[in-house]
Amino acid sequence: MSEQEVARLPREQIAEIQLRALKETVDRVYEKVPFYRKKFQEKGLEPGDIKSLEDLRNLPFTTKTDLRDNYPFGLFTVPQSELVRIHASSGTTGKPTVVGYTRNDISNWAEIMARCISWAGGTRDDVIQIAYGYGLFTGGLGFHYGAEHLGCTVVPISGGNSKRQLMLMQDFNTAILACTPSYALNLAEEAGESGIDPVKDLNLRIGIFGAEPWSNNMRKELEGQLGLKAMDIYGLSEVIGPGVSCECQSQQGLHINEDFFIPEIIDPETGVPLPYGQKGELVFTTVNKEAFPVLRYRTRDISILHPGTCACGRTFVRMARVMGRTDDMLIIRGVNVFPSQIESVLLEIGETEPHYLLVVDRKGTLDDLEIWVEVSDQMFSDEVRRMEELERKLRHEIGSVLGISAKIKLVETKTIPRSEGKAKRVMDRREL
Ligand code: DLL
């Protein structure tokens, strides 16, 4: 069935497809993966107990720790000879988490990514510059296979080397830029410094941005600076890579490729599934993967699921833009806040540069937050009074919108490191 058909099926038919594939996945992991069999047995469950989609909630969760404990191939359901690709996420400490794909998995992933690029507005006539990192990270190759599948002209440039990126964008008439939002911002800045006006001198039409949290205000910033329509794409290596979900032209959330991934939202504290419309942790069960299926993988990403037919006509459930990860949530004097919420307030005020860093420290038992924000060189060197006023204003806005008290430190341009992939927005001195 084509994407045009499957993504618009009545919900009952999507549920039927999901249930059939879920049962196959459950049989598969029970038979092939001792880890899952043991978990089932601990819960007194047998594969035959899964009779409806509601029974999904009885299945055990899978976590990143489970992946680490079974490093490297312990959760795979096929012998290594059937794997045609491995990806891995870097992991700040210790071993990476490793994921594997059979030939069919790669071909399904290409199909899913082709869907996403076309939802975002891409066509076979477009030149797409893939500036996500190629390598063990899933971003570059995930986009690559999807874009080729769609028939785009692929420029597999990977991340970094911004001057060259800009030159090729001009010379090849690149229409689609695929990279992290923070790298897109970096490219816009580099363009300015090289005397290129992206809006006039480049022909970018679409940006397909993801792999890190970003705010709606960052979307506006990027659209303004680069003269393109910025679309949000989401995914994670443990589930497949990019392509778990993506925005369509209506931009009312990201459609989840539900014939491959069954989403749930749970209360991150209790693990209890929450109804549609409530905010919580995203959990995915893959239902068509061969090498590395996962049951109820806890993503730690915070979002909301929205049912109902989209203005584009698709019936695939939509997820709200990811606010952040439970492990990136800051607790500043008892108030929970995600870096992307701070980003949103800073960009809304708009008197600073869009580059910031959150420095968190602990004084006694309390968390202390200092927000470093860049200001223009001119303001930094000449306008002490304006800087003081701006600091006051930012402190006040952050306080009144987010309910947290933070110190503001205005810094010179280029003080904050630029990213070529995922930006590091938080420097946590509590761990030092
Ligand atoms: O980042 C896959 C990807 C590549 C997605 C390119 C989109 C584009 P990982 O390195 O495993 O995989 O990181 C996954 O990144 O759990 C989220 O916390 C975060 N993330 C990914 N996309 C978004 C997004 C890739 N659109 C982790 N918005 C996920 C917010 C995102 N966070």
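Below, the structure is looked at part by part. (Residues numbered from 1 in each chain as written. Predicted model: local features only at pLDDT ≥ 70, side-chain atom pairs only at ≥ 80, totals over all residues. Heavy atoms only, no water.)

### Quick notes on the sheet that holds strand β18 (residues 366-374)
- Reading across the sheet, the four strands line up as β19-β18-β17-β20 and stay open at both edges, with mixed pairing between neighbours. Where the open sheet ends on each side, the last strands, each with one partner, are β19 (407-411) and β20 (426-428). Across the sheet, the mean angle separating the axes of adjacent strands is 25° when strand polarity is ignored.
- Summarising the sheet, β18 and β19 pair through five bridges and their orientation is parallel. Note that in β19 the partner of Glu374 across the bridge is Val411.
- Helix-sheet contacts for helix α11 (residues 339-349) involve β17 (356-363), β18 and β20, and the interaxial angle to β17 is about 125°.
- Along the sheet, helix α13 (residues 384-402) makes contact with β18 and β19, crossing β19 at roughly 140°. (Pairing = 2+ DSSP bridges. Helix = DSSP H or I, 4+ residues; strand = E, 2+ residues; numbered from the N terminus. Axes fitted to C-alpha atoms, helices over the stretch in contact; angles between N-to-C directions. Contact = heavy atoms within 4.5 Å.)

### Focus: the site of the ligand
- Taken together, the neighbourhood of the ligand is formed by 21 residues, with Asp232, Ile233, Ser237, Asp301 and Lys422 sitting nearest.
- Between Lys422 and the ligand, the recorded distance is 2.8 Å, taken from a side-chain N or O atom to an oxygen atom.
- Look at the ligand: alone it shows 610 Å² of surface, and the protein chains cover 94% of it.
- Of all elements in the fold, only α6 (138-150), β7 (229-236) and β8 (241-247) reach the threshold of two or more residues within the shell around the ligand.
- Counting residues per element, the shell around the ligand draws most heavily on β7, which supplies five residues. (Near = heavy atom within 4 Å. Polar contact = N/O pair within 3.5 Å; in protein donor to acceptor, adjacent residues only side chain to side chain. Areas by Shrake-Rupley, 256 points an atom, 1.4 Å probe, with all protein chains shown as cover.)

### Some thoughts on the packing of α11 against α13
- The N-to-C vectors of α11 and α13 enclose an angle of 130°; their axes lie 10 Å apart at closest approach. By the angle class used here, α11 and α13 are oblique. For the element pair α11 and α13, the recorded crossing hand is right-handed. Residues Gln341, Ile342, Val345, Leu346 and Ile349 of α11 form the contact with α13, whose own contacting residues are Lys393, Leu394, Glu397, Ile398, Val401 and Leu402. (Parallel < 35°, antiparallel > 145°, perpendicular 65-115°, else oblique. Left-handed = near helix turned anticlockwise from the far one by under 90°.)

### A closer look at the pattern of salt bridges
- In total, this model carries 28 salt bridges according to the counting rule given.
- Note that Asp66 and Lys39 form a salt bridge whose closest N and O atoms lie 3.5 Å from each other. Pair noted here: Asp66 is in helix α4 (residues 64-69) and Lys39 is in helix α3 (residues 34-42), with a separation of 27 residues, a long-range link. Residue Asp66 shares its accessibility class with Lys39, and that shared class is buried.
- The partner of Arg333 in a salt bridge is Asp368, and the shortest N-O contact between them spans 2.9 Å. With Arg333 in the loop between β15 (330-332) and β16 (335-337) and Asp368 in strand β18, this pair connects stretches of sequence that are 35 residues apart.
- According to the relative accessible area criterion, Arg333 is partly exposed, its value standing at 40%.
- Asp368 gets classed as buried once you look at its relative accessible area, which sits at 13%. (Salt bridge = Lys/Arg side-chain N within 4 Å of Asp/Glu carboxyl O. Buried < 20%, exposed > 50% of the residue type's maximum accessible area, 1.4 Å probe, protein only.)

### Describing α11
- Taking burial as the measure, the 11 residues of α11 include eight buried ones, the bulk of the element.
- The complete set of buried residues in α11 reads Pro339, Ser340, Ile342, Glu343, Val345, Leu346, Leu347 and Ile349.
- Its buried side turned inward, α11 meets α10 (216-226), β16, β17, β18, α13 and β20.
- Gly350 sits one or two residues past α11 and shows a positive phi near 70°.

### Digging into empty space enclosed by the protein
- Applying the stated criterion across every chain yields a total of one cavity of 30 Å³ or more.
- Considering the residues around the largest cavity, the lining is formed by Leu67, Arg68, Asn70, Pro72, Phe73, Gly74, Leu75, Phe76, Thr97, Val98 and Phe292.
- Breaking the lining of the largest cavity down by element, the ones donating at least two residues are α4 and β2 (97-101).
- Across the lining of the largest cavity, the residue classes tally to seven nonpolar, three polar and one charged. (1 Å grid on protein atoms, 1.4 Å probe; cavity = no way out; pocket = protein on both sides within 12 Å on 5 of 7 lines; lining within 4 Å. Points joined across faces, edges and corners; volume = space filled by probe spheres on them. Nonpolar A, V, L, I, M, F, W, Y, C, P; charged D, E, K, R; others polar.)

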